[in-house]
Amino acid sequence: MNDIKNHILLQLKLTKNIMENEHNKYLKPYGISNEQGLLLKLVYEMPGLSQTQIAEELHKDKTTITRMINTLIKKDKLMRKSSPRDKRVFEIFVTEKTKENVKKLAPVFEKQKKDLEDIIGESDYSTTIKVLEKIKKYYLELNQ
């Protein structure tokens, strides 16, 4: 069992689950999950992305992204508009209410980042991000 505890994939998965559960507590009053929050933050920061572009940015399949977008549209958090360049493509935007909520949540995200930096130190935080980026890049390149 000790061998499995030293496996990075298991540790990443367990850490992700624990952090996601904690993050969901902050997002619950806004009626969204962690996954939906990531999608909303992406669209807030990059308005007008297509569903395909969102899927690529979040490394999710198109069906999952379409389902998430449809759910968030029903909750009046996102809106879809036809692209002026290609009527077959829809661009995704956050609603005005969602813009306000994203602004309200910004300090929560900053506090979480600061808490992590306090726990592991600024240098280790930076190193962790770099290592995770290398791992992500490796696996993304496997599929090209």
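The preceding data block contains the structure.
Analysis parameters
Residues numbered from 1 in each chain as written. Predicted model: local features only at pLDDT ≥ 70, side-chain atom pairs only at ≥ 80, totals over all residues. Heavy atoms only, no water. Pairing = 2+ DSSP bridges. Helix = DSSP H or I, 4+ residues; strand = E, 2+ residues; numbered from the N terminus. Contact = heavy atoms within 4.5 Å. Axes fitted to C-alpha atoms, helices over the stretch in contact; angles between N-to-C directions. Parallel < 35°, antiparallel > 145°, perpendicular 65-115°, else oblique. Nonpolar A, V, L, I, M, F, W, Y, C, P; charged D, E, K, R; others polar. Core = buried A, V, L, I, M, F, W, Y, C linked by side-chain atoms within 4.5 Å. Buried < 20%, exposed > 50% of the residue type's maximum accessible area, 1.4 Å probe, protein only. Left-handed = near helix turned anticlockwise from the far one by under 90°. Salt bridge = Lys/Arg side-chain N within 4 Å of Asp/Glu carboxyl O. Expected span 1.5 Å × (residues − 1). Arc of directions from axis to C-beta.

A.B. asks: Help me understand the sheet that holds strand β1 (residues 49-50) in this model?
C.D. replies: Across a sheet, paired strands are connected by hydrogen bonds in the backbone, their directions being either parallel or antiparallel. Ordered in space as β1-β3-β2, the three strands form an open sheet in which the pairing is antiparallel. The sheet terminates laterally at β1 and β2 (78-82), the two strands that pair on one side only. The strands touched by helix α3 (residues 34-45) within the sheet are β1, β2 and β3 (90-94), with β3 carrying the most contacts at an inclination of about 100°.

A.B. asks: Sorry if this is basic, but what is going on with the packing of helix α6 (residues 96-120) against helix α7 (residues 122-142) here?
C.D. replies: The geometry of a pair of packed helices is captured by two quantities: the angle between their axes and the separation between those axes. Viewed as axis vectors pointing N to C, α6 and α7 meet at an angle of 110°, and their least axial separation amounts to 6 Å. As the angle between them shows, α6 and α7 are arranged roughly perpendicular. Across the interface between the two elements, Lys113, Leu116, Glu117 and Ile120 from α6 touch Glu122, Asp124, Tyr125 and Thr128 from α7. Split by residue class, the contact of α6 with α7 holds three nonpolar, one polar and four charged.

A.B. asks: What exactly am I supposed to notice about the nonpolar core here?
C.D. replies: Nonpolar side chains in soluble globular proteins generally cluster together in the buried interior. With 17 residues, the main nonpolar core has Leu39, Val43, Ile54, Ile65, Ile69 and Leu78 as its most contacted residues. Looking at this core, the elements with two or more residues in it are α3, α4 (51-58), α5 (62-74) and β3. Beyond its immediate stretch of four places on either side in the chain, Leu39 contacts Ile54, Leu58, Ile65, Met68, Ile69, Leu72 and Leu78.

A.B. asks: Hey, could you run me through the packing of helix α2 (residues 8-27) against α6 in this one?
C.D. replies: Taken N-terminus to C-terminus, the directions of α2 and α6 make an angle of 150°; their axes are 11 Å apart at the nearest point. It follows from the interaxial angle that α2 and α6 lie roughly antiparallel. With respect to the hand of their crossing, α2 and α6 are arranged in right-handed fashion. On α6, the residues that touch Met19, His23, Tyr26 and Leu27 of α2 are Leu105, Val108, Phe109, Gln112 and Leu116. Tallied by class, residues from the contact of α2 with α6 come to seven nonpolar, two polar and no charged.

A.B. asks: Would you explain the pattern of salt bridges in this entry?
C.D. replies: Between side chains of opposite charge, a pair can form as their charged atoms come close. Scanning all chains against the criterion turns up twelve salt bridges. A salt bridge links Glu20 to Lys16; the nearest nitrogen and oxygen atoms lie 3.3 Å apart. Here Lys16 and Glu20 lie together in helix α2, a separation of four residues that amounts to about one turn. Residue Glu20 is classed as buried on the basis of its relative accessible area, which comes to 17%.

A.B. asks: How do you make sense of α2 when you look at a structure like this?
C.D. replies: Think of an α-helix as 3.6 residues a turn; residues three or four steps apart then line up on the same face. Across its 20 residues, α2 extends 28 Å between first and last C-alpha, which sits within 8% of the 28 Å expected from 1.5 Å per residue. Buried residues of α2: Glu20, His23 and Leu27, and no others. All buried residues of α2 project into a common sector of 70° when viewed along the axis, lining one side. Set apart from the buried face of α2 by more than 90 degrees, the exposed residues are Ile18, Asn21 and Lys25. The inward-facing, buried residues of α2 contact α3 and α6.

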